[in-house]
Amino acid sequence: MKVLVTGVSGRLGPFVVKDLEAAGHDLVLSSRREPVEEIRHWPWIQGDINNFEDCQRMLASGGFDAIQHLAAQPWPVDHPTQRAQAEERGIPFDATMRSNIMGTYYLLQAALAQEIGIFVMTGSNCALGHGYRISDRPFPYQYLPVDELHPADVEDSYSYSKLVGEELLASYTRAYGMRTHVVRAAGICNEERRRRMAENAKPVTGWNPWLWCWIGSEDVASAQRLLMEKAADIVPHGVYFCNGDDTTALEPTRELIETYKPELLPLVRDLEGHASVLSNKKLRETVGWAPQTSWREYLA
C-alpha cells in the first residue's frame with residue numbers, strides 16, 4: 001500500500017514507519033519538524049494538520065491507499081494544572097482542540113477528496129475520561145476490566161478531543177464508506193522507557209488514576225499496521241484499547257483495588273495476577289494482534 005504517515009517527528013513516528021517499511025509498504029511522511037535520520041530516506045513533506053492547504057499538499061502526489069494519522073497535541077494545554085506549562089512553551093490555550101479535532105477534520109477532508117479508503121488514527125485511552133480529571137467527582141466505573149463499550153465520562157479538552165475524534169472518523173465511515181479505525185493507546189513506552197520502569201519499580205503507595213496501563217511503542221505500530229492491512233475484512237469502523245496484558249505495578253491488580261479502591265471490588269469480573277484494568281481483547285480478536293514487548297523482562 002501507499003501510505004501517508006503524519007506526525008512522524010513524534011516519539012511514536014519512527015516505530016510506525018519502521019513497522020510499515022518492514023511489511024513492504026510505500027511511504028510518504030509528514031510532520032512540522034524534520035524526522036529523525038533513521039527514517040529520513042522516505043519522502044518527507046513539512047506541514048501542519050491545522051492548515052487545510054498543508055493537508056492537501058501532503059496528499060498531492062496521489063495514489064494513496066491509506067493514512068496513518070499520528071499527529072496530535074498530546075495533552076490538554078488548557079487544563080488548570082497544565083496551563084502555566086503551556087504558556088511557558090508558547091502553546092496557545094486552544095491548541096489541543098484545534099489540532100485533535102479540526103486538524104483531524106482537515107486531514108479527513110483532504111483524504112476524501114483523494115478518495116483514500118482507509119484511515120487509521122492513534123487515539124488514546126484518555127477517551128474514556130478516567131485521567132486528567134478536573135472536578136473532585138471520581139470516574140464512574142461500571143465494571144472492570146473496562147472495554148470499548150464502557151461509557152465515557154470526559155472532563156478535559158484532551159480526553160474530549162480524542163473521544164470526538166473517534167466519532168468524527170465514524171461519521172466518515174457512515175457517510176462516505178471510508179474504513180476508519182482508532183487505536184486507544186495507553187502509556188506508550190519505547191525500550192529505554194521500559195528499562196527505566198524496571199529500574200525504578202517500587203511498591204505502590206496510592207491509587208493511580210491512569211490504572212498502571214502501558215504499551216510498547218512497537219506494539220502500537222503493529223496494531224495500527226494490522227488494522228490498515230485487514231481493513232477490508234473487518235468492520236468498517238472500530239475503536240480498540242491498545243495496552244499491555246499487564247500493568248506497570250509490582251503488586252497484583254486485585255490487590256491494588258482491594259487496598260486503594262475497595263469500593264470497586266464488586267465491579268471486578270476477572271483480573272487475575274497483574275492483568276490490565278483496560279481490556280485489549282477486542283483488538284486481539286479483530287486482527288490477531290498480541291503485545292510482544294515487556295518491561296518485566298528487565299526486572300533484576
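Please refer to the structure placed before this passage.
K.L.:
I would appreciate a short explanation of the packing of helix 1 (residues 13–22) against helix 7 (residues 217–229) in the present structure.
P.N.:
Helix packing for two helices is described by the angle between their axes and how far apart those axes are. Where helix 1 contacts helix 7, the two axes come as close as 8 Å, and the packing angle between them is 50°. On the basis of their axis angle, the class for helix 1 and helix 7 is oblique. Here helix 1 runs over helix 7; the crossing is right-handed. Each of Phe-15, Val-16, Asp-19 and Leu-20 in helix 1 lies in contact with helix 7, whose residues at this interface are Ser-217, Glu-218, Ala-221, Ser-222, Gln-224, Arg-225 and Met-228. Taken together, the residues of the contact of helix 1 with helix 7 break down into 5 nonpolar, 3 polar and 3 charged.

K.L.:
What is the right way to read the pairing of strand 2 (residues 26–31) from this model?
P.N.:
In regular strands, side chains alternate between the two faces of the sheet. Counted residue by residue, strand 2 has 5 buried out of 6 residues, so it is predominantly covered. The pairing of strand 1 (residues 2–6) with strand 2 spans 4 bridges and is classified as parallel. Bridge pairing in strand 2 links Val-3 to Leu-27. Of the crossover connections in this fold, the one passing from strand 1 over helix 1 to the parallel strand 2 is right-handed. Here strand 2 runs beside strand 3 (residues 44–46); their pairing, made up of 3 bridges, is parallel. Following the sheet pairing, Leu-29 is matched in strand 3 by Trp-44.

K.L.:
What am I meant to see in the side chain of Thr-122 here?
P.N.:
In this fold, Thr-122 is placed in strand 5 (residues 118–124). By relative accessible area, which is 9% here, Thr-122 ends up buried. Side chain to side chain, Thr-122 and Gln-224 meet in a polar contact 2.5 Å long. In this structure, Thr-122 is in contact with Leu-12, His-69, Leu-70, Lys-162, Val-183 and Gln-224, ignoring residues within four places of it in sequence.

K.L.:
I keep staring at the side chain of Thr-293 and nothing clicks. Help me out?
P.N.:
Among the structural elements, Thr-293 can be located in the segment after helix 9 (281–287). A relative accessible area of 16% places Thr-293 in the buried class. Of the polar contacts made by the side chain of Thr-293, one reaches the side chain of Asp-219; its length is 2.6 Å. Excluding residues within four positions of it along the chain, Thr-293 makes contact with Arg-194, Trp-214, Gly-216, Glu-218 and Asp-219.

K.L.:
Help me out: how do you make sense of the pattern of salt bridges in this one?
P.N.:
Should their charged atoms come close, side chains of opposite charge can pair. Enumeration over the complete set of coordinates arrives at 19 salt bridges. Between Asp-54 and Arg-57 there is a salt bridge, with the nearest N and O atoms lying 3.0 Å from each other. Here Asp-54 pairs with Arg-57, and both are found in helix 2 (residues 52–58), just 3 residues apart, close to one helical turn. For Arg-57, a relative accessible area of 40% gives the class partly exposed. Among the charged side chains, a network of salt bridges with common partners joins Arg-133, Arg-137, Asp-153 and Glu-155.

Rules used in this analysis
Residues numbered from 1 in each chain as written. Predicted model: local features only at pLDDT ≥ 70, side-chain atom pairs only at ≥ 80, totals over all residues. Heavy atoms only, no water. Axes fitted to C-alpha atoms, helices over the stretch in contact; angles between N-to-C directions. Helix = DSSP H or I, 4+ residues; strand = E, 2+ residues; numbered from the N terminus. Parallel < 35°, antiparallel > 145°, perpendicular 65-115°, else oblique. Left-handed = near helix turned anticlockwise from the far one by under 90°. Contact = heavy atoms within 4.5 Å. Nonpolar A, V, L, I, M, F, W, Y, C, P; charged D, E, K, R; others polar. Buried < 20%, exposed > 50% of the residue type's maximum accessible area, 1.4 Å probe, protein only. Pairing = 2+ DSSP bridges. Right-handed = clockwise from strand over helix to strand, strands pointing away. Polar contact = N/O pair within 3.5 Å; in protein donor to acceptor, adjacent residues only side chain to side chain. Salt bridge = Lys/Arg side-chain N within 4 Å of Asp/Glu carboxyl O.

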